[in-house]
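Structural overview
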Amino acid sequence: MKHITPLPPPNELKPVTDANLVMVEKFKQEIKHLLKEHHDDYFCRRWLVATNWNMRESIKMLQKHMQWREEYNVDTIMEDFPKSPYSSYLLQHYPINFNHSVTEDGSLVNYEASGRANIGNLLKVPTEYLIQFHIWIMETRELKLRELKEEYGYYPGIVAIVDLLGLSMGNLGGNKGIQLLRQFTQIDAANYPETLRKIYLVNVPGFFKMIWRVVKPLLEQRTLDKFSIGSEFNEELRIIIGPETLPSLYGGECECEGGCMPEKGTFELFEWDG
């Protein structure tokens, strides 16, 4: 029988020491001029964890994040992206489901069928709009996670299933595609720490090793530990996500009308009134 890796606890529920809690309070005082109303103790803790509890580096990292938000107009991206000349095209041609279900303890389950996308065609979109699209995806997830925290009482994080079935060297977009993936990885690591709870890369092609060599050095070990890469995770996903909400494509019982995963574009976006 295949070994089943247990799902780690949500990041906010992982144990911390009394000294860590004191650091959180000190950090809050140091950066209080940067904090907004929705920035709670766990928001502060995320930056400390990202730097292995290095106060000076955490402050520097958060300051850079705030500068980045201003440079890329992140605070208005939920309104700006739909007005982009390429938003409709990107939404119609990149298959991702943000809001299919949650785990029993509240983690947002995302499905992303990167292998179905024609990356080469998507790369014809100017890079600035591809970056805007990626940031919009990340901000959409953040808003949903904030909503789930209100419901569950803690930040539940994301469980992601990224399906690479169909991905080939031909539709990857060559070096430009790999470099853009590198840029997205850097954006996420620098600006969305401790968001991911677990990620499964499924139906992985043999040449993925080349891509992984580019991405892996950009990730901290604590993030790498959240990756499971391979082909056969159906049994594990049934346990972690639950057979009732796991798409039949991955061994579950869920068969949404129109499919749990879009054939091409984005769907199942939630309404946000926060």
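Below you will find a few notes about this structure. Remember, it's a predicted structure, so these values are computed and weren't measured experimentally.

Between its first and last C-alpha atoms helix 1 (residues 18-30) spans 19 Å; for 13 residues at 1.5 Å apiece the expected length is 18 Å, and the two agree. Listed in full, the buried residues belonging to helix 1 are N20, M23, V24 and F27. The buried residues of helix 1 occupy one face: seen down the axis, they fall within an arc of 105°. Away from its buried face by more than 90 degrees, helix 1 exposes D18, A19 and V22. Looking at the packing, one finds that the buried side of helix 1 touches helix 2 (41-50) and helix 3 (55-71).

In contact at an axis separation of 11 Å, helix 1 and helix 3 are set at 45° when each is read in the N-to-C sense. The angle between helix 1 and helix 3 falls in the class oblique. Crossing hand, helix 1 versus helix 3: right-handed. Facing helix 1, whose interface residues are M23, K26, F27 and E30, helix 3 presents M55, S58, I59 and L62. Broken down by class, the residue content of the contact of helix 1 with helix 3 amounts to 5 nonpolar, 1 polar and 2 charged.

This brings us to the packing of aromatic side chains. Tallied over the entire structure, the rule returns 14 aromatic pairs. On the basis of an interplanar angle of 65° and a centroid distance of 5.8 Å, the ring pair of F43 and W47 is categorised as edge-to-face. Residue F43 and its partner W47 are located together in helix 2, separated by 4 residues, close to a single helical turn. A relative accessible area of 11% means that F43 is categorised as buried. Look at W47 and you get buried, because its relative accessible area is 1%. With centroids separated by 6.1 Å and ring planes inclined at 15°, the aromatic side chains of F133 and W136 adopt a geometry described as stacked. In this pair, F133 and W136 both sit in helix 7 (residues 127-152), 3 residues apart, roughly one turn of the helix. Residue class for W136 comes out buried when judged on its relative accessible area of 7%.

With that settled, the discussion passes to unusual backbone geometry. One non-glycine residue, N52, lies in the positive phi region at around 55°. Looking at the element boundaries, N52 is found in the loop between helix 2 and helix 3. Backbone geometry places N203, a non-glycine residue, at a positive phi of 55°.

Moving on: the side chain of H39. By secondary structure assignment, the location of H39 is in the loop between helix 1 and helix 2. When its relative accessible area of 14% is taken as the criterion, H39 is described as buried. Polar side-chain contacts of H39 include one of 3.4 Å to the side chain of H38. Once residues lying within four places of it in the same chain are set aside, the contact partners of H39 are L34 and M66.

The strand order across the open sheet formed by 5 strands is 1-2-3-4-5, and the pairing between neighbours is mixed. A single partner strand is all that each edge strand has here, and the edge strands are strand 1 (96-102) and strand 5 (227-229). Averaged over neighbouring strand pairs, the angle between their axes works out to 15° when direction is ignored. Bridge count for strand 4 (residues 196-202) against strand 5 is 3 bridges, and the pairing is parallel. Bridge pairing links L201 to I229 in strand 5. Along the sheet, helix 7 makes contact with strand 1, strand 2 (108-112) and strand 3 (158-163), crossing strand 1 at roughly 10°.

Counting 24 residues, the largest nonpolar core has L90, L130, F133, I135 and Y192 as its most contacted members. Those elements that provide at least two residues to this core are strand 1, helix 6 (119-122), helix 7 and helix 8 (174-191). Leave out the neighbours within four places in its chain, and I135 touches W68, Y72, V74, I77 and Y192. Among the nonpolar cores identified, the runner-up in size contains 23 residues, and Y42, L108, L148 and L201 belong to it.

Helix length check: helix 3, at 17 residues, gives a terminal C-alpha distance of 24 Å against a target of 24 Å (1.5 Å per residue), a fit within 8%. Taken residue by residue, helix 3 has M55, S58, I59, M61, L62, H65, M66, W68 and R69 as its buried positions. At its buried positions, helix 3 is contacted by helix 1, helix 2, helix 7 and helix 8. At the N-terminal boundary of helix 3, the capping side chain belongs to N54, with an oxygen 3.2 Å from the backbone nitrogen of R56. A positive backbone phi angle near 55° is found at N73, which sits one or two residues after helix 3.

How each quantity is defined
Residues numbered from 1 in each chain as written. Predicted model: local features only at pLDDT ≥ 70, side-chain atom pairs only at ≥ 80, totals over all residues. Heavy atoms only, no water. Helix = DSSP H or I, 4+ residues; strand = E, 2+ residues; numbered from the N terminus. Expected span 1.5 Å × (residues − 1). Buried < 20%, exposed > 50% of the residue type's maximum accessible area, 1.4 Å probe, protein only. Arc of directions from axis to C-beta. Contact = heavy atoms within 4.5 Å. Axes fitted to C-alpha atoms, helices over the stretch in contact; angles between N-to-C directions. Parallel < 35°, antiparallel > 145°, perpendicular 65-115°, else oblique. Left-handed = near helix turned anticlockwise from the far one by under 90°. Nonpolar A, V, L, I, M, F, W, Y, C, P; charged D, E, K, R; others polar. Phe/Tyr/Trp six-rings, centres within 6.5 Å; stacked < 30°, edge-to-face > 60°. Polar contact = N/O pair within 3.5 Å; in protein donor to acceptor, adjacent residues only side chain to side chain. Pairing = 2+ DSSP bridges. Core = buried A, V, L, I, M, F, W, Y, C linked by side-chain atoms within 4.5 Å.

No statement about biological role is implied by the geometric values presented.
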